[in-house]
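Per-entry structural report
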Amino acid sequence: LSLRLLAWCTANATPLIYASSAATYGDGEQGFRDEQSMDALKKLRPMNLYGWSKHLFDMAVAERAARGERLPPQWAGLKFFNVFGPNEYHKGAMMSVLARRFDDIKAGRTVQLFKSHRDGIADGDQRRDFIYVDDVVRVTMWLLATPDVSGLFNVGTGTARSFRDLMLSAYAALGARPNIQYIDMPEQIRGSYQYFTQSEVDRLQQAGYNGGFTPLEDAVGAYVKGFLDRSDRYR
């Protein structure tokens, strides 16, 4: 489908801004730099089929760009990191951990986070680059308004925060006492679990984006108070 969309946008001179993913970086051993050279892309090893599906399409577009082949008038592959925010409720198990655990937090029930199974990393200290959906929208709208910018770009805050930080921010937004329990990570995902992701966002900034990113505590507070802790969670 992605290749068919690329072909259609190319044939019809229509901009293509699509969702790639931080999952393309795999375990992060090669870093999290959004280089689009084929040499750099070929070094990446995603850890699951989802990541590979995004990575293979990134490589297909980047290879055409490197060869000077015809492409849409604007193309941008956005490597989204851990996006969270309002109106994600239809995603079921793929909702952000904050949305999935909020009702437990609100009710005072114990919130479970994974223990660490790596030396030197504390329980709950697995880290992600959490980015609020409002920031993602700002980046996308900026690209739509800046048609001369094309390429692969990370869309994250550039700062990794722990799952514990995320949950503690939610408790703080509610003025509630934390109640967190750490449980063993399921055996079937231990070998493919990412312990750290942190975007490098300088390429996006060098391209001209200066919209900034919302700090985690402010983003969680806005989400909790403006949506999750209301009778109507939609806007």
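For the structure itself, look to the data block above.
Below or above, wherever it landed, is the structure these notes cover.

Scoring rules and cut-offs
- Residues numbered from 1 in each chain as written.
- Predicted model: local features only at pLDDT ≥ 70, side-chain atom pairs only at ≥ 80, totals over all residues.
- Heavy atoms only, no water.
- Helix = DSSP H or I, 4+ residues; strand = E, 2+ residues; numbered from the N terminus.
- Rg over C-alpha atoms; globule rule 2.2 N^0.38 Å.
- Buried < 20%, exposed > 50% of the residue type's maximum accessible area, 1.4 Å probe, protein only.
- Contact = heavy atoms within 4.5 Å.
- Areas by Shrake-Rupley, 256 points an atom, 1.4 Å probe, with all protein chains shown as cover.
- Axes fitted to C-alpha atoms, helices over the stretch in contact; angles between N-to-C directions.
- Parallel < 35°, antiparallel > 145°, perpendicular 65-115°, else oblique.
- Left-handed = near helix turned anticlockwise from the far one by under 90°.
- Phe/Tyr/Trp six-rings, centres within 6.5 Å; stacked < 30°, edge-to-face > 60°.
- Lys NZ or Arg CZ within 6 Å of the ring centre and 35° of its normal.
- Pairing = 2+ DSSP bridges.

The next point concerns the overall build of the chain. Across its full length, the chain carries nine helices and nine strands. Relative to its length of 235 residues, the chain is compact, with a C-alpha radius of gyration of 19 Å against a globular reference of 18 Å. Scored against the burial criterion, the 235 residues of the chain give a buried share of 43%. In the chain, once contacts between residues fewer than 6 apart in sequence are set aside, the share between residues at least 24 apart is 80%. Total accessible area on the chain stands at roughly 12100 Å², and carbon and sulfur atoms take up 49% of it.

Let's shift gears to the side chain of S169. Summarising the element assignment, S169 is placed in helix α6 (residues 163–174). Excluding residues within four positions of it along the chain, S169 makes contact with L216, E217 and V220.

For the rest of this paragraph, the subject is the packing of helix α4 (residues 97–107) against helix α9 (residues 216–228). Close contact between α4 and α9 brings their axes to 12 Å; oriented N to C, the two are set at 55°. In this view, α4 runs oblique relative to α9, as classed from their interaxial angle. When the axes of α4 and α9 are compared, the crossing they make is right-handed. Each of L98, A99 and F102 in α4 lies in contact with α9, whose residues at this interface are V220, Y223, V224 and L228.

What follows is about the packing of aromatic side chains. Tallied over the entire structure, the rule returns 15 aromatic pairs. One aromatic cluster in this structure is built from Y25, F32, F81 and F196. Stacked on the ring of Y25, the Lys or Arg K79 has its end atom at 4.4 Å from the ring centre. In this arrangement the basic side chain of R128 is found over the ring face of Y193, its NZ or CZ atom lying 5.0 Å from the centre.

Take the pairing of strand β2 (residues 75–80) next. Note on strand geometry: in a regular strand, side chains alternate between the two faces of the sheet. Summarising burial for β2: six of the six residues are buried, a large majority. Burial along β2 is two-sided: W75, G77 and K79 facing one way and A76, L78 and F80 facing the other are all buried. The sheet contact formed by strand β1 (residues 16–21) and β2 spans six bridges and is parallel. Pairing of Y18 across the sheet is with G77, part of β2. Note that β2 and strand β7 (residues 151–155) share five bridges and pair parallel. The residue of β7 that forms the bridge with K79 is N154.

Let's shift gears to the environment of D58. Turning to its location among the elements, D58 is positioned in helix α3 (residues 49–66). When the C-alpha positions of D58 and K79 are compared, they lie 9.6 Å apart, and in sequence the two are 21 residues distant. With residues near it in sequence (within four places) discarded, D58 still touches Y18, S20, T24, L41, K79 and L152.

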